[in-house]
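Letter by letter, the chains look like this.
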Amino acid sequence: MQKREQGKSAASDAGAPAPKRGRPLGSGTISSAAAASAEAAAPASLLGPTLQVHSAFADQNHKRIVLALQSGLKSELTWALNALNLLSFKEKDEVRKDATPLAKVPGLLDALLQVIDDWRDIALPKDISKTRRARILGVNAGVTGFGNEYEALSLNGHPSKSNAATVTDALAQKGATKHRPEDWWYDEDGLFNLDEEGRAEKQQCAVAASNIVRNFSFMGENEIIMAQNRHCVETVFQCIEDHGTEDEELVTNVLEILVNLAPLLDLRIFSSSKPSFINITEKRAVQAIIAMLESSVKVWHCSAAEIIGRMVINPDNEPFLLSFAPQIYKRLVDLLSLPALDAQAAAVGALYNLAEVNTDCRLKLASERWVVDRLLKIVKAPHPVHDICRKAAMILENLVSEPQNRVHLLAYENAFAEVLISESKQSDSFARILYELTSRPSSKLGMTRAVWGM
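First things first, this report covers the structure right here in the doc. (Residues numbered from 1 in each chain as written. Predicted model: local features only at pLDDT ≥ 70, side-chain atom pairs only at ≥ 80, totals over all residues. Heavy atoms only, no water.)

1. Observations concerning the overall build of the protein chain
Across its full length, the protein chain holds 23 helices and zero strands. Going through the 454 residues of the protein chain one by one, you find that 46% of them count as buried. Carbon and sulfur atoms provide 54% of the accessible area of the protein chain, an area that totals close to 22,800 Å². (Helix = DSSP H or I, 4+ residues; strand = E, 2+ residues; numbered from the N terminus. Buried < 20%, exposed > 50% of the residue type's maximum accessible area, 1.4 Å probe, protein only. Areas by Shrake-Rupley, 256 points an atom, 1.4 Å probe, with all protein chains shown as cover.)

Put into structure tokens, the structure is as follows:
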């Protein structure tokens with residue numbers, strides 16, 4: 001602590017900017033000598049009020065972490081989730097290069113997904129599902145620590161948690177006696193169906209687990225493993241499908257997971273021979289994404305647009321996505337009119353990839369009423385990100401390349417000419433667009449394409 005204060009005072013004396021919160025480098029569980037060497041090796045910018053976790057922590061404790069997640073006990077789950085939250089977090093300017101690919105730890109990804117599934121098994125309102133659910137996590141433990149289990153034991157004539165020995169005797173007596181439906185652990189709000197406080201705690205654990213899996217998806221070495229894990233993909237899509245009743249933070253986390261995995265995702269995984277945990281089909285998965293695209297929540301519809309734009313890159317996903325093409329095009333064109341710049345960027349990115357797929361996509365996209373007007377508006381404004389303006393111009397260029405679209409686009413010839421003579425950065429694209437509109441198909445087309453570098 002003394003050393004950190006010295007580092008702060010030295011930085012302030014030198015007029016340096018405030019130190020950033022860095023990624024953990026040391027841990028309180030390692031020896032003092034190792035901690036001192038790790039702290040000495042760290043740059044001065046990391047000497048601030050930041051928690052330090054040594055890089056070897058995961059290797060030394062990965063089995064314990066997996067077992068803690070599988071135990072279902074509140075104290076063990078809390079410790080494992082806190083540790084993983086630190087180990088999976090990675091800042092953009094992190095100096096440490098030996099980040100552990102945690103998805104490769106045997107059983108860790110499935111254990112985290114089981115925490116989410118355990119919450120989803122009890123997430124439905126009690127008036128919808130009345131049946132008692134078999135407990136999976138912590139099945140060998142009499143009391144898991146979630147909710148008011150100890151208090152409920154006391155209300156049923158059993159001792160409270162203050163007397164551990166008596167609680168053990170009471171649990172043993174419970175196992176020896178006959179089944180009594182009036183006992184607390186057989187009630188609807190009992191050990192197998194948690195009270196409201198216990199449900200809230202389970203929900204917090206599920207959100208924390210989803211945040212850790214989200215952090216995993218940002219590491220390149222984890223992407224392939226996660227995209228090919230059917231349990232992971234099914235859990236993500238199920239959470240998206242139930243976005244109307246699910247926790248908003250949990251839905252946002254799984255959307256970010258899907259955005260990161262989308263370029264590697266193959267929807268045929270739902271019909272593969274891999275073991276299935278949740279019955280989801282390719283059609284249901286695409287419908288879940290479209291439902292998020294229709295959402296009024298900005299981060300949700302922006303993420304859904306990015307997911308569609310990245311998934312359509314894989315030719316194997318095209319049949320599933322293009323069967324809903326009219327709905328997708330209409331909503332993406334609507335997003336172009338929103339004042340939010342990130343919504344415009346996400347829509348342009350998705351339309352850019354969709355326009356590259358085939359002729360049918362370009363014909364259907366050109367038939368959308370406001371698509372040309374709104375793309376022109378983005379170019380003329382212009383959008384602060386130059387690449388978005390370039391992609392908007394390229395979409396128009398792809399549309400005009402189809403002879404069937406030229407009659408429709410001729411109505412915008414004057415608008416295209418205005419952009420051309422305005423000395424915009426997209427002037428070359430609009431010169432090619434005007435040539436395509438005004439020229440007849442001939443052998444000169446190939447020569448002109450070569451001049452413009454097409």
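2. Here's the deal with unusual backbone geometry
With an omega of -15°, the peptide bond between Ala-381 and Pro-382 qualifies as cis. Assignment of secondary structure puts Pro-382 in the loop between α18 (371-380) and α19 (386-400).

3. A short note on the packing of aromatic side chains
All chains considered together, the criterion is met by three aromatic pairs. Residues Phe-237 and Phe-270 carry aromatic rings whose centres are separated by 5.5 Å and whose planes lie at 80° to one another, so their mutual orientation is edge-to-face. Placement of the pair is Phe-237 in helix α10 (residues 230-241) and Phe-270 in the loop between α11 (248-261) and α12 (282-293), with a sequence separation of 33 residues. Of the residues examined, Phe-237 reaches a relative accessible area of 1% and is grouped as buried. (Phe/Tyr/Trp six-rings, centres within 6.5 Å; stacked < 30°, edge-to-face > 60°.)

4. Side note on the environment of Leu-267
Secondary-structure assignment places Leu-267 in the loop between α11 and α12. The sequence separation of Leu-267 and Glu-282 amounts to 15 residues, and the corresponding C-alpha distance is 5.8 Å. Setting aside chain neighbours within four positions, we find Leu-267 in contact with Phe-237, Glu-282, Ala-285, Val-286, Met-311, Asn-317 and Phe-320. (Contact = heavy atoms within 4.5 Å.)

5. Quick look at the environment of Leu-264
As for its placement among the helices and strands, Leu-264 is situated in the loop between α11 and α12. The sequence separation of Leu-264 and Asn-314 amounts to 50 residues, and the corresponding C-alpha distance is 7.8 Å. Residues within four places of Leu-264 in sequence aside, it is in contact with Glu-223, Ile-224 and Ala-227.

6. Overview of the nonpolar core
Ranked by size, the top nonpolar core spans 107 residues in total, and within it Leu-69, Leu-112, Phe-237, Leu-332 and Phe-416 carry the most contacts. By residue number, the principal contributor to this core is helix α16 (residues 341-355), which donates nine residues. In this structure Phe-237 touches Leu-258, Leu-265, Leu-267, Phe-270, Ile-280, Ala-285, Ala-288 and Ile-289, once residues within four positions along its chain are discounted. (Core = buried A, V, L, I, M, F, W, Y, C linked by side-chain atoms within 4.5 Å.)

7. Some points on the pattern of salt bridges
Two side chains with opposite charge may pair up if their charged atoms get near one another. Scanning all chains against the criterion turns up 20 salt bridges. Ionic contacts of the salt-bridge type, sharing partners, join the residues Arg-120, Asp-242 and Glu-246 into one network. (Salt bridge = Lys/Arg side-chain N within 4 Å of Asp/Glu carboxyl O.)

Spatial relationships are all this shows, so hold off on functional conclusions.
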